Amino acid sequence: MTTVGEHRPEADAAAGVDLLRPEGTAPRGPGRRGLSAVRLPRRVRRRDVPSRLRLATVGCVLLTAVLGAVVVTSALGAQNTWSTVTDHQAPQVLDATALYQSLTDLDAQTANLLVFGDDPRLSAQRATALTQYAQDRTDADRDLQHATLDAAGDTEVQQSLAAVLDGMGSYQDLAARAMELNDRTHAGAGHPDPTALAQYRKATDLMRTALLPAADRLVQANNDAYNRSYTAERSALSTAGLWTVALGTVLLLSLLGLQLWLARRFRRIVNPALAAATLVAVTLVALAGSLWSDEGEQMRVARHDAFDSVVALTRARAVAYDANADESRYLLDQGRAGQYQDAFEAASVRIASLPGVTISDYDAQLAAAVTTYQANHADVRFGGFYGDEFRNITFTGERAAAEQALTAYQAYERDDRTIRSLVAQGRQQDAIVYGVSMAQGGSDADFTAHDAALQKVIAINDDAFTAAAHRGGSELSARIPMLAGGAALVLLLCLIGVRPRLGEFRH
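Parameters at a glance
- Residues numbered from 1 in each chain as written.
- Predicted model: local features only at pLDDT ≥ 70, side-chain atom pairs only at ≥ 80, totals over all residues.
- Heavy atoms only, no water.
- Axes fitted to C-alpha atoms, helices over the stretch in contact; angles between N-to-C directions.
- Helix = DSSP H or I, 4+ residues; strand = E, 2+ residues; numbered from the N terminus.
- Parallel < 35°, antiparallel > 145°, perpendicular 65-115°, else oblique.
- Left-handed = near helix turned anticlockwise from the far one by under 90°.
- Contact = heavy atoms within 4.5 Å.
- Nonpolar A, V, L, I, M, F, W, Y, C, P; charged D, E, K, R; others polar.
- Phe/Tyr/Trp six-rings, centres within 6.5 Å; stacked < 30°, edge-to-face > 60°.
- Buried < 20%, exposed > 50% of the residue type's maximum accessible area, 1.4 Å probe, protein only.
- Lys NZ or Arg CZ within 6 Å of the ring centre and 35° of its normal.

Draft legend 1. Local environment of the packing of helix 3 (residues 123-150) against helix 4 (residues 155-184). Helix 4 packs onto helix 3 with a crossing angle of 165 degrees between their chain directions and a minimal axis gap of 11 Å. Taken together, helix 3 and helix 4 sit at an angle that is classed as roughly antiparallel. Between helix 3 and helix 4 the crossing geometry is left-handed. Here Arg 126, Tyr 133, Arg 137, Ala 140, Asp 141, Leu 144, Ala 147 and Thr 148 of helix 3 come into contact with helix 4, specifically with Leu 161, Val 164, Leu 165, Met 168, Gln 172, Ala 175, Met 179 and Asp 183. Of the residues that constitute the contact of helix 3 with helix 4, the class distribution is ten nonpolar, two polar and four charged.

This is the structure:
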């Protein structure tokens, strides 16, 4: 309650009276009230500018850090895969194949020693077989040691390896007993002592039903491990490529957006540091993208173009030794001649398969398939290991070397028919002499020529594998510091670019 004449400030304020206006001055109009009302939001917006700038900078820095982490860790992962493949998995496949070859040739030399007996005409061949038998034992022991050292952590490989280790000692005992019994009786060529032959049958059955299948599983298990690494790394490279594009795009848009905002807010056309950061980011994304593409291609070349052929050809070589062993068994044990002839045919089909073929028409059908291939290299009608190789001809000199190996293989196959023909004629001694002959056109001479030709094709593909792995590893070694340095440089340039602008708000 107020008295008459009492001054009420709230009434003046309600009536629009400016309480701070000195007496005698004109009241502020609507325009002046509007100016006062606008100043407060401008001060608020001015205080928001450094906050927004810091937020944008933090965003760019985080994007750069994540992008840098993705590209560097992906590159290191690829480098680790190359190391695993070249230092462990690929050698393990070759060691396992070499083990198979040593085992089957060990049995072949045992059979040869029993075939030769005490015949003085074959004393030189007997000495050679004894030397090779000792070498095969040494090679098998070495390959087993390598496989044992590399088998840690792989259950499938360990199981296959255990089967070989369990049977190896028993086989050597049986083989040694067979040779000792045969030597005691001074058996003639092609006429082994029956007791010795019985011991050898136990030995070769153990080899063919337990040791060789286990060694073959070891080859497959190691090759599968390499395939898993290859598939996983190719997938990782594809994922890295997607992340690189996504993060790189967002980072570039963020940097460009930040520069446009700064240009409008601070009336500067170009921020040199941020422009440089953008260029470095573009280069970083381009380097990473091309790296994933290059690494994927080098891994494909190493795995499929080169190592697939190495595996096919080294297995063809090992199975050829198995076929040669079956030929020796055939000459040694006429009671099982049919069984060993079938085994030779099965090995031949693994090396170069043909539909519906038998041993009697194998040569003619293979010759027809080769003639078709010569007319059109894309028309490969034979399968098996040679079929795998001829469908994968890639490198300079490979086709000519593979054709030479196949021609040598055909000659060896024809020699086998000559041996069987001599046996069928009752000329067992002639068949043995021809089977171990190193003279031109002899069976062992042609087998050796085929083996040498195969090794030449293997070497071409092995060199290509090594070269692809070297290119892939060298590119990674060069690019990883560039990727890490590029990401760090983008971070530094971002901070340099915004620091002066933030400094304007400290006064």
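There is more to say, and it comes next.
Draft legend 2. Fine view of the packing of aromatic side chains. Counted under the stated rule, the structure contains ten aromatic pairs. Between Tyr 386 and Phe 390, the ring centres sit 6.3 Å apart and the planes meet at 50 degrees, which makes this aromatic pair tilted. Within this pair, Tyr 386 and its partner Phe 390 are both found in helix 9 (residues 384-390), separated by four residues, close to a single helical turn. Residue Tyr 386 is classed as buried on the basis of its relative accessible area of 1%. Through pairs of rings, three or more aromatic residues link up here, namely Tyr 373, Phe 382, Tyr 386, Phe 390 and Tyr 409. Sitting over the ring of Tyr 226, Arg 303 keeps its end group 4.4 Å from the ring centre. The ring of Phe 344 carries the charged tip of Arg 420 above its face, separated from the ring centre by 5.0 Å.

All quantities given are derived from atomic positions and should not be read as evidence of function.
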